[in-house]
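Chain by chain, the residues:
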Amino acid sequence: MNTQVNLVELENEIKSGKVAPELAAPAGEAEDLESVSPAQVGGLGTWFLKDMWYYALPSADLKMGKMIPKTVMGEPILLCRGKDGKAFVLKNICPHQAMPLGDGFFDGENVQCSFHGWKFDNSGACTDIPSLVPDQKAQMPLCKIKTQNYPVREVRGAIWVYFGDATNDYPEVPEAPGLSELLYKQTTNTLLLPTHIDYAALALIDPAHVPYVHNAWWWRSAKDLKAKQKRYVPEGTGWTMVKHQPARHALIFKLFAQYIEMEISFRLPGCRREYITFMGKTVLAGISTLTPIDETHTELNHTTYWMIPGPKFIAEPIIKYFVNEFLGQDQSVARRQEINLKLKPKLIPTIKDAGTPGAWYLRLKKEWAESKRESRAFNNPVTDTVLRWMS
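This write-up is about the structure you can find in this document. (Residues numbered from 1 in each chain as written. Predicted model: local features only at pLDDT ≥ 70, side-chain atom pairs only at ≥ 80, totals over all residues. Heavy atoms only, no water.)

1. Some remarks on the sheet that holds strand β11 (residues 158-163)
Strand order in the open sheet formed by 3 strands is β1-β11-β10, and the pairing between neighbours is antiparallel. Of all strands in the sheet, those bounded by a partner on one side alone are β1 (52-58) and β10 (152-155). Adjacent strand axes in the sheet meet at a mean angle of 30 degrees when their direction is disregarded. Note: β1 against β11, 6 bridges, orientation antiparallel. Bridged to Tyr-54 within β11 is Val-161. (Pairing = 2+ DSSP bridges. Helix = DSSP H or I, 4+ residues; strand = E, 2+ residues; numbered from the N terminus. Axes fitted to C-alpha atoms, helices over the stretch in contact; angles between N-to-C directions.)

See below:
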């Protein structure tokens, strides 16, 4: 029996009143309820957001006097930590003959290219060209030879790099919420998703996939669907699902739900944040960040912060195990999804209400890019809304 929904007929039934209007998608969510190509939905999977901070790596991974090369949005960058303990980031291309600077040497002050020995300081300015004789060096303005330097920030044990035009008005660096003035331990799990950041973001904020992808004895079952109703409010470059008691799916929530509250939020370019309180005090927080490597690969980093007493060497492997199990399920879905995404099929990427956060993401991304292009203030398109779904 053919069970495929005829979306054109569904639209007609909505207009005639035979179907509840809640099934109709708001602007930006497959408005005519017909399948669309990715290019028709805000360029889904076709471009990257600039003038934004992107997560690079945990601060602890970048030791003093060390370099770590990385690619973000197709740009090769080189993260370094100088003798002064401060991180800096250069384009990983020597402006002489395009050698990766990360293949060279770093003395804690200057990065030296392994091809001809040219040196560059933390601003990207050239400080030495060994092949020049003394009078040639005196006549050549070395400081005018540069490789690009990127703005960098370290927030809550994470290194963030800014990609975009120089500005005196940088956006706020996303960070895990609920941690102000608290002492915490932290750990980060990293996975590679074989997909564009847009598809990774849609999955990251989609509540409908949870019972089907994240089913496990210690979490929940797809058979245990419940009606959800949550309030979302616009904040910053995204939204916040206001603080609420968690659904009683997982064992720990079944036992202690009346004492637990959680708040979930999203911020551009691809950051899902949350924190959990027990009897009013934060006990756990996390931030999942998406960093586009190129058009078909996205790095997912999840940093967990915890305030629960006990040695880190005991808690960390337990936390990393469960986070890897959970995110590994998302990674498995992304691998299978990408097989068909390569065919560029027509899709219905979001549908009300569970897909509304995905539609918001596309609108937020579009509005951010337009506000920068038009040199005006960003106008958050998200509205104060109560969303309902089954999961």
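2. Comments concerning the packing of aromatic side chains
Inspection of the entire model under this criterion finds 15 aromatic pairs. Between Tyr-150 and Phe-163, the ring centres sit 5.2 Å apart and the planes meet at 55 degrees, which makes this aromatic pair tilted. One end of the pair, Tyr-150, is in strand β9 (residues 149-150); the other, Phe-163, is in strand β11, with 13 residues separating them in the sequence. Like Phe-163, Tyr-150 is buried. Between Tyr-184 and Tyr-305, the ring centres sit 5.1 Å apart and the planes meet at 90 degrees, which makes this aromatic pair edge-to-face. Taken together, the residues span a long stretch of sequence, with Tyr-184 in the loop between β11 and β12 (185-193) and Tyr-305 in strand β18 (residues 297-306) at a distance of 121 residues. We classify Tyr-184 as partly exposed; its relative accessible area is 27%. Taken together, the ring pairs connect Tyr-232, Trp-239, Phe-266, Trp-360 and Tyr-361 into an aromatic cluster. (Phe/Tyr/Trp six-rings, centres within 6.5 Å; stacked < 30°, edge-to-face > 60°. Buried < 20%, exposed > 50% of the residue type's maximum accessible area, 1.4 Å probe, protein only.)

3. What about the environment of Pro-349?
Following the sequence through the fold, Pro-349 ends up in the loop between α6 (312-341) and α7 (356-373). Taking relative accessible area as the criterion, Pro-349 reaches 25% and is therefore assigned partly exposed.

4. Section: the sheet that holds strand β2 (residues 67-72)
With antiparallel pairing, 4 strands are arranged side by side in an open sheet as β2-β3-β4-β9. The open sheet has two edge strands, β2 and β9, and neither has a second partner. Inspection of the sheet shows β2 paired to strand β3 (residues 75-81) by 6 bridges, in the antiparallel sense. Each residue of the ladder has a partner; that of Pro-69, found in β3, is Leu-78.

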